[in-house]
Number of protein chains: 2
Amino acid sequence: MTEHELVRELAEKNGSKIVMLVADGLGGLPMEPHGRTELETANTPNLDRLAGRGTSGLSVPVLPGITPGSGPGHLGLFGYDPLAFKIGRGALEATGIGFELGPHDVAARGNFCTLDSAGLISDRRAGRIPSEESFKVVERLQAVNIPGVETFVKPVKEHRFVVVFRGQGLDGGVADTDPQATGVTPLDPTPVTPAAQRTADIAKEFVRQARTILADEKKANGMVLRGFAAKPQLPSYLDLYGLRAAAIAVYPMYKGLAQLVGMTLVGKAQSLDEQIDELAKCWNDYDFFFLHFKYTDSTGEDGAFEQKVKRIEELDRAIPRIEKLGPDVLIVTGDHSTPSKLKSHSWHPVPTLLVADTCRPDGLEKFSERECLRGGFGQFPAKHLMLLAMAHALRFGKYGA
Amino acid sequence: MTEHELVRELAEKNGSKIVMLVADGLGGLPMEPHGRTELETANTPNLDRLAGRGTSGLSVPVLPGITPGSGPGHLGLFGYDPLAFKIGRGALEATGIGFELGPHDVAARGNFCTLDSAGLISDRRAGRIPSEESFKVVERLQAVNIPGVETFVKPVKEHRFVVVFRGQGLDGGVADTDPQATGVTPLDPTPVTPAAQRTADIAKEFVRQARTILADEKKANGMVLRGFAAKPQLPSYLDLYGLRAAAIAVYPMYKGLAQLVGMTLVGKAQSLDEQIDELAKCWNDYDFFFLHFKYTDSTGEDGAFEQKVKRIEELDRAIPRIEKLGPDVLIVTGDHSTPSKLKSHSWHPVPTLLVADTCRPDGLEKFSERECLRGGFGQFPAKHLMLLAMAHALRFGKYGA
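I will try to describe carefully the structure that is included in this document.

Quick notes on the rules
Residues numbered from 1 in each chain as written. Chains lettered and ligands numbered in written order. Predicted model: local features only at pLDDT ≥ 70, side-chain atom pairs only at ≥ 80, totals over all residues. Heavy atoms only, no water. Buried < 20%, exposed > 50% of the residue type's maximum accessible area, 1.4 Å probe, protein only. Helix = DSSP H or I, 4+ residues; strand = E, 2+ residues; numbered from the N terminus. Arc of directions from axis to C-beta. Contact = heavy atoms within 4.5 Å. Least-squares fit on C-alpha atoms with pLDDT ≥ 70 in both. Patch = residues over 30% accessible without salt bridge, like charges linked within 9 Å, V, L, I, M, F, W, Y side chains within 5 Å. Areas by Shrake-Rupley, 256 points an atom, 1.4 Å probe, with all protein chains shown as cover. Salt bridge = Lys/Arg side-chain N within 4 Å of Asp/Glu carboxyl O. Axes fitted to C-alpha atoms, helices over the stretch in contact; angles between N-to-C directions. Parallel < 35°, antiparallel > 145°, perpendicular 65-115°, else oblique. Nonpolar A, V, L, I, M, F, W, Y, C, P; charged D, E, K, R; others polar. Pairing = 2+ DSSP bridges. Left-handed = near helix turned anticlockwise from the far one by under 90°. Phe/Tyr/Trp six-rings, centres within 6.5 Å; stacked < 30°, edge-to-face > 60°. Lys NZ or Arg CZ within 6 Å of the ring centre and 35° of its normal. 1 Å grid on protein atoms, 1.4 Å probe; cavity = no way out; pocket = protein on both sides within 12 Å on 5 of 7 lines; lining within 4 Å. Points joined across faces, edges and corners; volume = space filled by probe spheres on them.

Some words on helix H10 (residues 272-281) of chain A
Residue and element names in this part refer to chain A. Here H10 has its buried residues at Leu 272, Gln 275, Ile 276, Glu 278 and Leu 279. The arc that holds the buried residues of H10, viewed along the axis, is 155°, so those residues lie on one side. Where the residues of H10 are buried, they touch strand E8 (245-248), strand E10 (288-293) and helix H12 (305-324).

Description of the environment of Arg 370 of chain A
Residue and element names in this part refer to chain A. Mapped onto the elements of the fold, Arg 370 is located in helix H13 (residues 369-372). For Arg 370, a relative accessible area of 43% puts it in the partly exposed group. With 333 residues separating them in the primary sequence, Arg 370 and Thr 37 have C-alpha atoms 9.1 Å apart. Dropping the residues within four chain positions of it, Arg 370 is found in contact with Gly 35, Arg 36 and Glu 40.

Things to note about the relation of the copies chain B and chain A
Here the two chain copies are tied together by a rotation about an axis and a shift along that axis. Mapping chain B onto chain A leaves a residual RMSD of 0.2 Å; the transformation is a rotation of 123° accompanied by 0.2 Å of translation along its axis. On this basis, the relationship between the two copies can be described by a three-fold rotation axis. In this assembly, only 3% of the residues forming the interface of chain B have copies in chain A that are likewise at the interface, indicating a heterologous arrangement.

Considering a nonpolar patch on the surface
A contiguous nonpolar patch, built from Leu 63, Ile 66 and Leu 83 of chain A and spanning about 270 Å² of accessible area, is present on the exposed surface. Its place among the elements puts Leu 83 of chain A in the loop between helix H4 (70-77) and helix H5 (89-96).

Some details on the packing of helix H5 (residues 89-96) of chain B against helix H9 (residues 252-260) of chain B
Residue and element names in this part refer to chain B. The contact between H5 and H9 brings their axes to 7 Å, and the two run at 120°. Overall, the two elements H5 and H9 adopt an arrangement that is oblique. Together, Leu 92, Thr 95 and Gly 96 of H5 and Pro 252, Met 253, Gly 256, Leu 257 and Leu 260 of H9 make up the contact between the two elements. Across the contact of H5 with H9, the residue classes break down as 5 nonpolar, 3 polar and no charged.

Structural notes on the sheet that holds strand E13 (residues 378-381) of chain B
Strand order in the open sheet formed by 8 strands is E9-E8-E10-E1-E11-E12-E2-E13 (chain B), and the pairing between neighbours is mixed. The sheet is open, and its two edges are formed by strand E9 (264-265) and E13 of chain B, each paired on a single side.

With respect to the packing of H10 of chain A against H12 of chain A
The description of two packed helices rests on the angle between their axes and on the distance between the axes. Residue and element names in this part refer to chain A. Here H10 crosses H12 at 20°, and the two axes come no closer than 10 Å. Considering their axes alone, H10 and H12 lie roughly parallel with respect to each other. Between H10 and H12 the crossing geometry is right-handed. Touching Leu 272, Asp 273, Ile 276, Asp 277 and Leu 279 of H10 are Glu 314, Leu 315, Ala 318, Arg 321 and Ile 322, all from H12. Considered class by class, the residues forming the contact of H10 with H12 number 6 nonpolar, no polar and 4 charged.

A short note on the packing of aromatic side chains
Applying the stated criterion across every chain yields a total of 26 aromatic pairs over all chains. Arranged with centres 5.0 Å apart and planes meeting at 80°, the rings of Phe 78 of chain B and Phe 290 of chain B form a pair that is edge-to-face. Of this pair, Phe 78 of chain B sits in the loop between helix H4 (70-77) and H5 while Phe 290 of chain B is found in strand E10 (residues 288-293), placing the two residues 212 residues apart along the sequence. Of the two residues, Phe 78 of chain B and Phe 290 of chain B, neither departs from the other in class, the shared state being buried. Here the aromatic cluster, defined as three or more aromatic residues joined through ring pairs, consists of Phe 78, Tyr 237, Tyr 241, Phe 288 and Phe 290 of chain A. We note Lys 17 of chain B situated over the ring of Trp 283 of chain B; from NZ or CZ to the ring centre the distance is 6.0 Å.

Observations regarding empty space enclosed by the protein
Residues and elements named next belong to chain A. Tallied over the full model, the rule gives 3 cavities of 30 Å³ or more. Taken as a whole, the largest cavity holds about 50 Å³ of empty space. Lining the largest cavity are Glu 3, His 4, Val 7, Gly 79, Tyr 241, Lys 383, His 384, Met 386 and Leu 387. Mapped by element, the contributors of at least two residues to the lining of the largest cavity are helix H1 (3-10) and helix H14 (385-392).

A look at helix H1 (residues 3-10) of chain B
Residue and element names in this part refer to chain B. Of the positions making up H1, those classed as buried are His 4, Val 7 and Leu 10. Projected down its long axis, H1 carries its buried residues within an arc of 135°, all on one side. Elements that come into contact with the buried residues of H1 comprise helix H8 (237-241) and helix H14 (385-392).

Comments concerning unusual backbone geometry
One non-glycine residue with positive phi stands out, namely Glu 158 of chain A, at about 50°. Within the secondary structure layout, Glu 158 of chain A lies in the loop between strand E5 (150-157) and strand E6 (160-166). The residue His 34 of chain B is not glycine, and still its phi comes out positive at about 70°. If you trace the backbone, His 34 of chain B turns up in the loop between strand E1 (18-23) and helix H2 (38-41).

Brief notes about the layout of surface pockets
If you add up the space inside the largest pocket, you get close to 840 Å³. The wall of the largest pocket is formed by 42 residues, among which Phe 377 of chain A together with Val 60, Pro 64, Gln 379 and Phe 380 of chain B lie closest to the centre. When contributions to the lining of the largest pocket are tallied by element, the ones reaching two or more residues are strand E13 (378-381) and H14 of chain A together with strand E2 (55-60) and E13 of chain B. Its residues placed into classes, the lining of the largest pocket shows 20 nonpolar, 12 polar and 10 charged. By volume, the second largest pocket is sized at about 700 Å³. If you trace the second largest pocket, you find 25 residues lining it, with Ser 70, Gly 71, Arg 89, Leu 92 and Met 253 of chain A closest to the centre. Only H4, H5, E5 and helix H9 (252-260) of chain A provide two or more residues apiece to the lining of the second largest pocket. Its residues placed into classes, the lining of the second largest pocket shows 13 nonpolar, 5 polar and 7 charged.

Scope: geometric values only; no functional claims are made or implied.
Written out as structure tokens, the structure is:
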């Protein structure tokens, strides 16, 4: 019996509310040996108080030593084994710009490139064309017309864009067209599985029409396509857990990830305070609330230790407003670590805290990497966090008699 | 290589003795935040002394957040993955009343119900008929006679009974006949797999004869059947571990679970003291001894915190008599937690202690949930406990050269 089969069998409904507050890239490192991490440096009276009342631990996003991107990081927290459920690169890129993929879509990442008069790639990034120029090029591509499919072309940033084909019988099994070199032509889209023949033909036709339309462009007169992928098949929160789930996020990527598991996007909050306003407003309409806080990650990526500390303190100050709503289960965690010292995502386990009346005390008095190491959840796979959330919300029946 | 294949490959025989003392529902919770659990409250000088000498940890019965019934809880402790080896409800009910299922049996749970003159269910529990009345009705059903199979009908409690069909080619794949409503007729037994056609026919004939026999009953003149199941296919202790295993339990459910893995039921003890008398008596005849202590669970289920504390203290006082027999490995654990606060089984990890001369000290001075969190076994799946038992009994060879 798989874990998801078990979840489906045991899930029950009641009126309980679960809040999962994800501080992106929460975990950190000291800048110097024997120093303190960002979380250990921050003044976090509210999180510390919650640690005293709840149960803490360290969540391992994928496996020890494995650094996740945002996709696998969040899939784990949502209870989907990130090694079993994969979001293809094209699908993730589309998701990241807020494009809601449908069940009949195949998305690919596109890079504009510069082709010389012989059709050979002379610049693989089209001179790193600025976004505003690139957006105009993307606009011209709206003229592409392929019978039998709808085609969406969306800008991302600089030379990057996304193309989505929508139609019956499409398949993500198409090879990248990027030859990873200059002085050669882009590759033709070719199927890697027989089922993708039609999709490869459509992609080829897309490239053909685009070449004609962009023939007069100086920089962006060609393109390569990569990471063809359909929308991943993820059971929804409602289907799996019986939870009506709301996502209250600011950035498109996290909204998109939440949508992939069937969460409803709520509000248009631009700050944590506004996110909690939205939370209060929709409190009666949902059972589960995913709140995403981006800035613990972005400050870490910038290597801005002190800024990350301040962002953690901002998060801490928001806690009492969430508590006042009276969630039955309140979780504070991250999708991965982003130590300022490394200026990037990392594999280090993520401090995680769960507060509910059913918590067994673990004697912690502070929320930090060091303390969580002694927490009652120990170190656990992120994909098990939702099992604990459901249990503490008393939403699981007994397994076997 | 599966874990069981590994066990079979490595298991060796020697004269060592393993005692596994299972305090049912041992783990608990404080009644108030920052309070103490039942085990932390109890005065347990013997268990604490053992914790100082052995290695402790917290066993996770199934998965984090998953609350097991007695079946999966014990299967885990016995070393059978409770998600891979399942005991069907009918088989568990038969087991629970001490009916020893054979390899050609299919068992189902029965509920007497009241049918009106049109054959529609008017009371799904036959007026919650008292056990003594129900037992007489069950007695009348002994007259059922179905060619080609033996039929056993056994009372459980109130309106509940068990029916077991014994014969060649039976299969548990028969749908429940309970329509879960009044004002309708019971459903006919129907096969959910083609292999169960004959079993469904037999069940139908059983119901037909029962209706005739019980036609004059005022309350229990009908029945519904649920949870059809054959005996689960579990490798025996002797086959798997090479252990001659004895079960010394008071209650039928635990005797039955032990029998499912091929343990021999020893004695007719009615108290822990008598169980240890039996243990001493059969000491030379077996290698492994499963002792089951029920009352830590039943007091927890009653929400009787103080009573559970007293039962734990009773358990503690029994320890020196067991030690005197000189087991090479002595394990104290539970099949799950039953916090008085929740008045039910729970998912919380279970305090577990193993004492052997080969233990690596972990610095604990007390046996409790909080201490076990810092124990040498950490948090571990219950199904791995038998691996540790075998290892510390020096009954495993080396894996690979």
